[in-house]
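Chain residues, written in single-letter form:
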Amino acid sequence: MSPQPTTVTYKTIGKLEIPLDIYLPEQATSPTPVILWFHGGGLLQGHRSKVPPHFLRSISKYKVALVSADYRLAPQVGVQDIFEDVKDCIAFIRKSDGLVKHLGTSANIDTSRLAVSGSSAGGYLAFFAGLYVEPKPNVILPIYPITDPLGYFFTNPQPGPLFRDGGAVSSTPPKEALKAMLEAGNDAEVPASFRDPQGEIVANNPADSSRNKMYGYMLAAANLAELLHLNVGEDRYRDAENDKWRVAKSVATQGLPPTYVVHGDVDRAVGVDQADEVIGVCVGEGVNIQYERLRGKDHLFDVFNEQEDMTGMYAFMVKHLGAATSGKL
């Protein structure tokens with residue numbers, strides 16, 4: 001039986017409530033550390049409920065509290081706004097009148113021991129937490145992360161991955177696919193309301209929403225940086241504000257906590273070069289980092305293979321979360 005979460009609103013902006021789900025282990029004998037996980041979707045789409053199976057198993061296997069949080073979605077907000085949600089979520093988890101107060105006295109969690117993870121765009125947010133949140137998390141665990149909206153992969157049109165077809169990419173050239181996505185009434189259409197920066201601001205979308213086509217639209221249009229409100233002008237590669245959101249550019253000045261990165265070398269939704277660049281910089285800067293570059297693995301490999309345990313990642317997590325108040329992990 002899958003563990004059942006408690007849903008709590010961690011932030012309210014106007015009428016928009018931004019929720020998180022927390023899953024607690026049963027019969028924990030000592031205060032449990034927290035894993036905060038952010039969903040993927042290019043920061044354009046998605047929902048906190050799409051938790052990979054191994055994270056749900058980790059609750060009982062490693063005696064951790066798992067938090068899965070929503071955040072506002074682009075392009076109706078920019079990457080700076082989304083990072084503010086990340087900061088506010090972590091602050092809510094840590095402060096005494098935040099998450100613990102909402103859970104009541106039955107919750108036995110140690111919010112001083114925090115791992116931040118995320119998949120795809122969520123891995124991008126995990127890197128932000130490691131770079132810019134103080135005090136830094138004990139450890140970050142980015143999984144096939146986006147790291148640079150201005151990198152080669154996201155500035156050149158990509159064919160849409162067809163995960164349901166066993167490893168293929170669409171045979172439709174990106175230019176033709178993009179035309180279909182913009183054509184009103186077409187089955188592939190991505191409605192203008194989702195593409196409009198002035199549209200309704202939301203923090204998630206239902207599984208059956210056409211918003212779930214935004215990532216494919218972005219790959220074909222090669223416009224992630226624009227959708228995240230980065231400067232895409234001629235000086236985009238010399239813009240200090242842009243550099244803040246290009247992970248490799250900030251490692252030397254901001255540092256990172258212990259970091260474990262997982263990325264498959266045939267990833268069709270986030271090119272492995274996104275991780276490779278950051279790893280190279282981290283090694284050069286002496287960051288405590290491990291890189292699991294998986295041969296033959298594609299995007300979402302840990303979702304489609306429900307038996308994937310990510311044992312290396314969790315061993316690294318346990319090592320760096322440290323001892324509990326009484327006893328050890």
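The notes below deal with the structure included here. Note that the coordinates shown come from a computational prediction; the quantities given were computed from them, not determined experimentally.

### Some words on the packing of aromatic side chains
For the structure on display, the rule yields 14 aromatic pairs. A centroid spacing of 4.8 Å and a plane angle of 20° characterise the contact between Tyr62 and Tyr314, whose relative ring orientation is stacked. Highlighted residues: Tyr62 in the loop between helix 1 (53-61) and strand 4 (65-69) and Tyr314 in helix 13 (residues 311-321), separated in sequence by 252 residues. With respect to burial, Tyr62 and Tyr314 carry one shared label: buried. Between Tyr144 and Phe301, the ring centres sit 5.9 Å apart and the planes meet at 70°, which makes this aromatic pair edge-to-face. Note that Tyr144 is positioned in the loop between strand 6 (139-143) and strand 7 (161-162) and Phe301 in helix 12 (residues 301-304), a separation of 157 residues in sequence. Taking relative accessible area as the criterion, Tyr144 reaches 0% and is therefore assigned buried. Above the ring of Tyr217, the side-chain terminus of Arg195 is found at 5.9 Å from the ring centroid. Sitting over the face of the ring of Tyr132, Lys244 holds its NZ or CZ atom 5.5 Å from the ring centroid.

### Focus on empty space enclosed by the protein
Per the stated rule, a full pass over the model turns up one cavity of 30 Å³ or more. In this structure, the largest cavity occupies an estimated 30 Å³ of space. In terms of lining residues, the largest cavity is bounded by His54, Arg57, Ser58, Lys61, Tyr62, Asp309 and Tyr314. Looking at the lining of the largest cavity element by element, the count peaks at four residues for helix 1. Considered class by class, the residues forming the lining of the largest cavity number two nonpolar, two polar and three charged.

### Some points on the pattern of salt bridges
Where side chains of opposite charge bring their charged atoms close, a pairing between them can arise. Tallied over the entire structure, the rule returns 13 salt bridges. Between Asp21 and Arg48 there is a salt bridge, with its nearest N and O atoms 3.0 Å apart. Linking Asp21 in strand 2 (residues 16-23) with Arg48 in the loop between strand 3 (32-38) and helix 1, this pair joins segments that are 27 residues apart in sequence. Judged by relative accessible area, Asp21 falls into the buried class, the value being 5%. A single network of salt bridges, built from pairs that share partners, joins Lys11, Arg72, Asp85 and Asp88.

### As for the nonpolar core
Counting residues in each nonpolar core, the largest one holds 78 residues, and the members touching the most others are Leu20, Leu36, Leu43, Leu99, Val116, Tyr124 and Phe154. Tallying contributions element by element places helix 4 (residues 121-132) first for this core, with nine residues. Within the second largest apolar cluster, 24 residues are counted, among which are Val139, Tyr260, Leu294 and Leu321.

Rules and cut-offs
Residues numbered from 1 in each chain as written. Predicted model: local features only at pLDDT ≥ 70, side-chain atom pairs only at ≥ 80, totals over all residues. Heavy atoms only, no water. Phe/Tyr/Trp six-rings, centres within 6.5 Å; stacked < 30°, edge-to-face > 60°. Helix = DSSP H or I, 4+ residues; strand = E, 2+ residues; numbered from the N terminus. Buried < 20%, exposed > 50% of the residue type's maximum accessible area, 1.4 Å probe, protein only. Lys NZ or Arg CZ within 6 Å of the ring centre and 35° of its normal. 1 Å grid on protein atoms, 1.4 Å probe; cavity = no way out; pocket = protein on both sides within 12 Å on 5 of 7 lines; lining within 4 Å. Points joined across faces, edges and corners; volume = space filled by probe spheres on them. Nonpolar A, V, L, I, M, F, W, Y, C, P; charged D, E, K, R; others polar. Salt bridge = Lys/Arg side-chain N within 4 Å of Asp/Glu carboxyl O. Core = buried A, V, L, I, M, F, W, Y, C linked by side-chain atoms within 4.5 Å.

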